[in-house]
Amino acid sequence: MELKSLLNKEQYEGAITVDGQLLILAGAGSGKTRVLTYRMAHMIEDLAIAPYNILAITFTNKAAKEMKDRVRSLIGDRAESMWISTFHSTCVRILRREIDKIGYKSNFTIYDSSDQKVLVKDCMKLLNINDKDITEQEILSKIGKAKDSMKTAQSFMRENEANFREKKIADVYEMYQKRLKENNALDFDDLIFKAVELFKTNESVLDFYQNKFKYIMVDEYQDTNGAQYELVKLLASKYKNICVVGDDDQCIYQWRGADIQNILDFEKDYPGAKVIKLEQNYRSKGNILDAANVVIVNNANRKSKVLRTEQEPGSKIKVYRAYSDSDEGDFVGKQILDIKDKEDKQFKDFAILYRTNAQSRIFEESLRRKAIPYKIVGGTKFYDRKEIKDILAYLKVLVNPQDDVSLKRIINVPKRSIGDATVLKIQEFANNYELNMWDALSEVRTIPTLTPRNVSNLEVFTTLMEDLMTLSETVEVSVLIQSILKDTEYMKQLEGSKEIEDKSRIENLKELVSDAVDFEKSSEDKSLSAYLEKVSLVQDTDKIEEQEDTIVLMTVHSAKGLEFPVVFMVGMENGIFPGNMSFEKESEMEESRRLCYVGITRAKENLFMTSAEVRRVFGRTVAYAQSDFINEIKPGLKEYVSGNKMTSKNKPNVSKSNSYINPHSLRNNINGGNSFAKEHGTISNISNSDKIERYITNNEATLGRKVEHESFGVGTIVSVQDVENDKKLTVAFDKQGVKNLLLSFAKLKMI
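This one's a predicted model, so the numbers in the text were calculated from it and none came from an experiment. (Residues numbered from 1 in each chain as written. Predicted model: local features only at pLDDT ≥ 70, side-chain atom pairs only at ≥ 80, totals over all residues. Heavy atoms only, no water.)

Engineer: Before we go on, may I ask you to explain the overall build of the protein in this structure?
Structural biologist: What the protein contains, in helices and strands, is 31 helices and 22 strands. Taking 751 residues into account, the globule formula puts the C-alpha radius of gyration at 27 Å, and the protein, at 30 Å, falls close to it. Over its C-alpha atoms, taken along the principal directions, the protein stretches across nearly 85 × 70 × 55 Å. Counting the 751 residues in the protein, one finds 55% classified as buried. Counting only carbon and sulfur atoms, one obtains 48% of the accessible surface of the protein, whose full area is about 33,700 Å². Measuring between centres, the 111 positive side-chain charges of the protein sit 4 Å from its 115 negative side-chain charges. (Helix = DSSP H or I, 4+ residues; strand = E, 2+ residues; numbered from the N terminus. Rg over C-alpha atoms; globule rule 2.2 N^0.38 Å. Buried < 20%, exposed > 50% of the residue type's maximum accessible area, 1.4 Å probe, protein only. Areas by Shrake-Rupley, 256 points an atom, 1.4 Å probe, with all protein chains shown as cover. Lys, Arg positive; Asp, Glu negative; His and termini not counted. Charge placed at Lys NZ, Arg CZ, Asp CG, Glu CD.)

Engineer: Can you walk me through the domain arrangement of the protein in this structure?
Structural biologist: Interfaces are frequently sized by the accessible area removed from exposure as the parts join. One can read the domain layout of the protein as domain 1 (3-99 + 192-278), domain 2 (109-183), domain 3 (308-373 + 548-640), domain 4 (382-539) and domain 5 (705-750). The C-alpha centroid of domain 5 is placed 52 Å from the C-alpha centroid of domain 2. (Domains from an automatic or database assignment.)

Engineer: What's the story with the pairing of strand E7 (residues 242-246) in this structure? I'm lost.
Structural biologist: Note on strand geometry: in a regular strand, side chains alternate between the two faces of the sheet. The element E7 is extensively covered by neighbouring structure, given that 5 of its 5 residues are classed as buried. Bridge count for strand E1 (residues 21-26) against E7 is 5 bridges, and the pairing is parallel. Residue pairing for E7: Leu22 is matched across the bridge by Cys243. Following the chain from strand E6 (residues 215-218) across helix H12 (residues 226-236) to the adjacent parallel E7, one finds a crossover that is right-handed. (Pairing = 2+ DSSP bridges. Right-handed = clockwise from strand over helix to strand, strands pointing away.)

Engineer: In this structure, what is going on with the UniProt feature "binding site: ATP" (unreviewed entry) in the protein? I would like to understand it.
Structural biologist: Within this numbering scheme, the UniProt entry marks Ala26, Gly27, Ala28, Gly29, Ser30, Gly31, Lys32 and Thr33 as carrying the feature "binding site: ATP" (unreviewed entry). Along the chain, Ala28 falls in the loop between E1 and helix H3 (32-45). With near-sequence residues (within four places) excluded, Ala28 lies in contact with Asp247, Gln250, Asn281, Arg283, Leu307, Tyr597, Thr601 and Arg602. Turning to its location among the elements, Lys32 is positioned in helix H3. Excluding residues that lie within four positions of it along the chain, Lys32 makes contacts with Ala26, Asp219, Glu220, Val245 and Leu278. (UniProt positions renumbered as here; feature names shortened; annotations may be inferred. Contact = heavy atoms within 4.5 Å.)

As structure tokens, then:
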């Protein structure tokens, strides 16, 4: 392979360094996937390394598929023998073969977050823990963190014996793990935890996989947690041919257990490691990269690197300070239509990125009003919908009858006169005789607390499930799903309903059948357990269809690894981005700054950063200052825009008498006290001729509107109430405090 002509100097070094330990520090948009794919192709094509001796681990299904497709295009079908998959998929594959060695059956179920909640609630009930004292969410979070750090229930208990609250959580953790095992189930965190446990307790198994995977590559290494780090270290400890690729500046998952020290300390773990920096960016224009560089350089805990590009500087970063959150949403919608029209863009070229999912509503409303098609990544996932989870629960029980959580979900769905009281009696019987629920159902005639009617209904259900189990061994998954819908009368019940949402449920169930058909066409292993595995490991970003012409709304976290010609980073205010916690802890601020860096580097051509002077947060009206991250961008790289004009270094021409006093407004004290404006010269032009002298009308009296009163001065409308034929306004005046005024008498001027 003529790698020299295909790769730049640093990429080439990364691709040909095969033996030993290698750290590739890959900046955003620097072509790391290209390096990894050519590296694998070079190993197989030029060095005659067996494909099955290579393990490549990524963090998303999308990245794994893209990598595999690229390698296949270079070396053909030999790529099929390689393992290119996510951490979780890799571990599931190993556990399906080997989990019997640590006391589980190979047909184990993978519990999602809602299954986990059900099980934790059951444990809390049995341990008499009130959810008002400790919530199941807190318990699950602590259990997840413990597993990420490879802490068993016993070690967690030992650590927290002296702490009453934590000891209660340890009690739940212990019972939760016991119940998982009884149900022959693993939660998501168990997949890696149990693989590590397997390797640590079975030397021959570890030895087999060490010999199998003589060459290991890990993408996005900065996002690994303690358990993932341990897994990689164990597998690589024999041959020590390990290549990790990552960017410490893009470590944005510490809240989810990621440990930035894994990448920062790689050279300590492997003293002979070679380090290669990929700093040539192939994605973004020069100004965007320079903005990213000047923001991230403020972080102390990082490895030095500077992104560079051969592209032109391009447009400056456009900064917009809205009057209110609704004004911000309106501005973004108008800009999208304007840019699409002027620059011949498609809707799919635009992305709106925010800090949290709760921020999407304002932008959704604006896009709907302007008839702009959009989709949200991170909303209710397809597989999380009630009707989908019901049918998946049937499938899970068919594969693993020990799965009590799934069994209890479907035992009376659709309704078949098996109430909660009956289920409780079966559960008590099962607990007393140390049985799982399915085994208890085969003994219903011996449960003294059940009535003959109870027994009859339960036997009808058991017969139905046994028939479906027999069927599941011979038919395809799509046919099985259709049989469940028909035989249980689940579809019939929905078709007989007059509720609009039930019509939508029918469509979703038809889509589930289509999903199964797609799986059968594309998957080598067409078994029911393989289908359930695929569903369990699906991720939000897997479903982003590139051919769909819609704008994408998502969190910056979800956008990692993606790119768009035009990006709007919205809600850029202190208190939102960065969040309040960032001002209390330096490590939190550094993580927020890394998140900002990720957001900036998603943009290829144009980047907007917007904020609002006032917005509604949890029902309260709040005023936040513009984000410090915007202030960190040098004046020469950004320009402040108004709805229809923009300025960069030009000094605004405004008289002192027209100035605002709002401490968070960029329109404050333009000639007087706004030192930021003076220093950076970055405020939109507001001239005397722009000032509107007429009084505001009913339609103009909106939340966030800046107004002027002849006695009270300048203020912001923070509340609007309809009162008969008038409006009652609450106005926060800059100098006179909060006043309640009737619009018809107030004589307010719009500024």
